[in-house]
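Given next are the chains, with one letter for each unit.
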Amino acid sequence: MKFIILFFPLLLFAQPKITTATIDKRLEESNALLIDGQTDDMITLNLSILDDAKHINYAEGKLSAYYNLALAFSMQYRYNKSNYYLKMMEPEFKNSNAEDQEISMNILYSINYRGIKMYDESLKKLKKNLTMADDLKNDSTRHAIKGMILVQVGRNYLEKKMYDSVTYYGKKIVDELKKSKKMDTGMNTSLKAAMLLLSEAKLNENKIDSAEYYIKSAQSIAVDWGNNDFATYKLLGQICDARKQYDAAIVNYEKAIVLAAKAKNFRKLSELYGLISRSYEKTGQIDNENKYELKYSRLNDSLKKIDDNNLKDTVDLLVEEKQKNLKNENHLLLYIMIGGIGILAVIFFMINKRIKKKNKMLNVREIETKELNQKLNIAFEEVIQLAKNNDPEFLTRFQEVYPEFVPKLMKIEPQLQSTELKFCAMLFLNFSTKDIAAYTFVQPQSVQTRKNRLRKRLGISSDEDIYLWMLNLR
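Residues numbered from 1 in each chain as written. Predicted model: local features only at pLDDT ≥ 70, side-chain atom pairs only at ≥ 80, totals over all residues. Heavy atoms only, no water.

Undergrad: I'd like to hear about the overall build of the protein chain, residue by residue, with values.
TA: The helix and strand inventory of the protein chain stands at 22 helices and 0 strands. Considering the protein chain as a whole, with its 474 residues, one finds that 46% of them fall into the buried category. Across the protein chain, every contact between residues at least 6 apart in sequence was considered, and the portion connecting residues at least 24 apart equals 63%. Counting every atom, the protein chain has about 26,600 Å² of accessible surface; 55% of that belongs to carbon and sulfur. (Helix = DSSP H or I, 4+ residues; strand = E, 2+ residues; numbered from the N terminus. Buried < 20%, exposed > 50% of the residue type's maximum accessible area, 1.4 Å probe, protein only. Contact = heavy atoms within 4.5 Å. Areas by Shrake-Rupley, 256 points an atom, 1.4 Å probe, with all protein chains shown as cover.)

This is how it looks when you write it as structure tokens:
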């Protein structure tokens, strides 16, 4: 026992010393895990790094660990957890000289918003960041950061199907990076991303030669994306498919599927299952078509549930941000009032009157917004419950809550029956195939068949998300 007691201090001294250098080295290990898509290992490592950075009060280390955790959770579509760690970053900026970290934080916020299709909020964050980036003193950093921001702007417009804007911002990325005297890995990454954006935009515009030109340009850029390079093979597959080279398309899709699975990018994996299923259909390989169609349906249903949860969490975050801005406004008004105490009574009276009037307006707006939200929530829950009960009143109540939806559908296809309108309403409400089957007492396969028939009647392309198409009719 004495020997153990004497030896214990030596064990303490044998522990590796925590320094800023050791933390920075471990952060480099985190970057390698990111490239390989090993997000679980990345989370474990950065939680440990965060503890060490807190132990020695290393602000830059804490900021990087928080950011890496937020990035890993974002890649897993766990946007609520991602936003939690982004919020943890904010108090650390006052202790750090990392002038670009706040911009990186806001970029990731924008990615999370885009992940739940809140494109306008995402673009608002990004365009604000472009203004902030102009103030960066280091030229290389400024060009690199602006390139990253513009890539995310382009991706938002791609998902909004605004391909002219994608082309505009894709070329703007190239112009911005050309201003730098030397290209580093980060800039090459943005350049490759720009080429892929341009390729996908041209593909969606059915400009196949241009799409191929940009994909070849992307392949010529010397940057290794590891498992995250599935996007290149996906686009190559789509180009082959457009040229009716279905066997070559399948080969590229299979490569993309392997990489997307390793990177755990389940959203792209779902898309790839749908694409390869359609290619197998065109080659008459029914068994493979059905196999991948089933994988697509199962994974897509799982992602819908994740999206529902993320939507609630991210809307809560937006509400919190709005309340924070309102609180800051009220603080500013309070400072004005205090500063005016020593001024002439008439001026004080006028300022005080303005404050009261503005606060009254803010209170009225808060009450009106709260009442409106309560009414919308009650109406939404009522419609959901009617759908779950397969109640005959469901479609009538749905039209009262969403009056523009059915007229827009009827304008596209005037011959839609009430049963088809009810089915469209359930898609609009984001019910999964499994849920619709359960609530309407049919088999999931029948629901999938109805979806396919509805696509043909409404002219919805096979590569377009039918749920998003319905949502865009609001």
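The discussion continues.
Undergrad: Can you break down the packing of helix H8 (residues 139-159) against helix H9 (residues 163-178) residue by residue, with the values?
TA: Two elements in contact, H8 and H9, have axes whose closest approach is 8 Å; the angle formed by their N-to-C orientations is 170°. Overall, the two elements H8 and H9 adopt an arrangement that is roughly antiparallel. On H9, the residues touching His143, Lys146, Gly147, Leu150, Val151, Val153, Gly154, Tyr157 and Leu158 of H8 are Tyr163, Ser165, Val166, Tyr169, Lys172, Ile173, Glu176 and Leu177. Grouping the amino acids of the contact of H8 with H9 by side-chain chemistry returns 10 nonpolar, 4 polar and 3 charged. (Axes fitted to C-alpha atoms, helices over the stretch in contact; angles between N-to-C directions. Parallel < 35°, antiparallel > 145°, perpendicular 65-115°, else oblique. Nonpolar A, V, L, I, M, F, W, Y, C, P; charged D, E, K, R; others polar.)

Undergrad: Give me the lowdown on the pattern of salt bridges, citing residues and values where you can.
TA: As a working rule, side chains carrying opposite charge can pair if their charged atoms are close by. Counting across every chain of the model gives 23 salt bridges. Between Lys216 and Glu212 there is a salt bridge, with the nearest N and O atoms lying 3.9 Å from each other. You can see Lys216 and its partner Glu212 sitting in helix H11 (residues 208-219), 4 residues apart, about one turn around the helix. Residue classification places Lys216 among the exposed positions, given a relative accessible area of 51%. The partner of Glu382 in a salt bridge is Arg397, with the nearest N and O atoms 3.2 Å apart. (Salt bridge = Lys/Arg side-chain N within 4 Å of Asp/Glu carboxyl O.)

Undergrad: I'd like to hear about the packing of aromatic side chains, residue by residue, with values.
TA: In this structure the tally under the stated criterion is 16 aromatic pairs. Ring centres of Tyr66 and Tyr85 lie 6.4 Å apart, and the angle between their planes is 35°; on these two criteria the pair is classed as tilted. Separated by 19 residues along the polypeptide, Tyr66 in helix H4 (residues 59-75) and Tyr85 in helix H5 (residues 79-89) bring together distant segments of the chain. Classification of Tyr66 by relative accessible area gives buried; the value is 4%. Plain terms: the ring middles of Phe398 and Phe428 are 5.6 Å apart, the flat faces sit at 85° to each other, and that makes the pair edge-to-face. Residue Phe398 is found in helix H17 (residues 394-401), and its partner Phe428 is found in helix H19 (residues 418-428); the two are separated by 30 residues along the sequence. By relative accessible area, Phe398 is classed as buried at 0%. Directly above the ring of Trp225 sits Lys192, whose terminal nitrogen or CZ lies 4.8 Å from the centroid. (Phe/Tyr/Trp six-rings, centres within 6.5 Å; stacked < 30°, edge-to-face > 60°. Lys NZ or Arg CZ within 6 Å of the ring centre and 35° of its normal.)

Undergrad: Explain the confidence of the model for the protein chain to me, and be specific about the residues and the numbers.
TA: Where the model shows low pLDDT, its predicted coordinates should not be examined in detail. Overall, the predicted model of the protein chain reaches an average pLDDT of 81, with 80% of residues at or above 70. Segment residues 1-8: pLDDT under 50, and 0 contacts once partners within four positions in sequence are set aside and those in other chains are kept. This model gives residues 325-349 a pLDDT under 50, and the stretch forms 15 contacts once residues within four places in sequence are excluded. (pLDDT = per-residue confidence, 0-100.)

Undergrad: Explain the environment of Ile208 to me, using residue names and the numbers behind them.
TA: Here Ile208 is to be found in helix H11. For Ile208, a relative accessible area of 14% corresponds to the buried category. As a C-alpha pair, Ile208 and Arg243 span 35 residues in sequence and 8.2 Å in three-dimensional space. With near-sequence residues (within four places) excluded, Ile208 lies in contact with Leu203, Ile239, Ala242 and Arg243.

Undergrad: Which residues make up the nonpolar core, and what values go with them?
TA: Within the largest apolar cluster, 51 residues are counted, with the highest numbers of intra-cluster contacts made by Leu86, Met89, Ile257, Leu272, Tyr273 and Ile276. The greatest single-element share of this core, amounting to 9 residues, is contributed by H4. When neighbours within four sequence positions are excluded, Leu272 is seen to be in contact with Lys234, Tyr253, Ala256, Ile257 and Ala260. Counting 42 residues, the second largest nonpolar core, distinct from the first, contains Ile149, Val151, Leu158 and Leu196. (Core = buried A, V, L, I, M, F, W, Y, C linked by side-chain atoms within 4.5 Å.)

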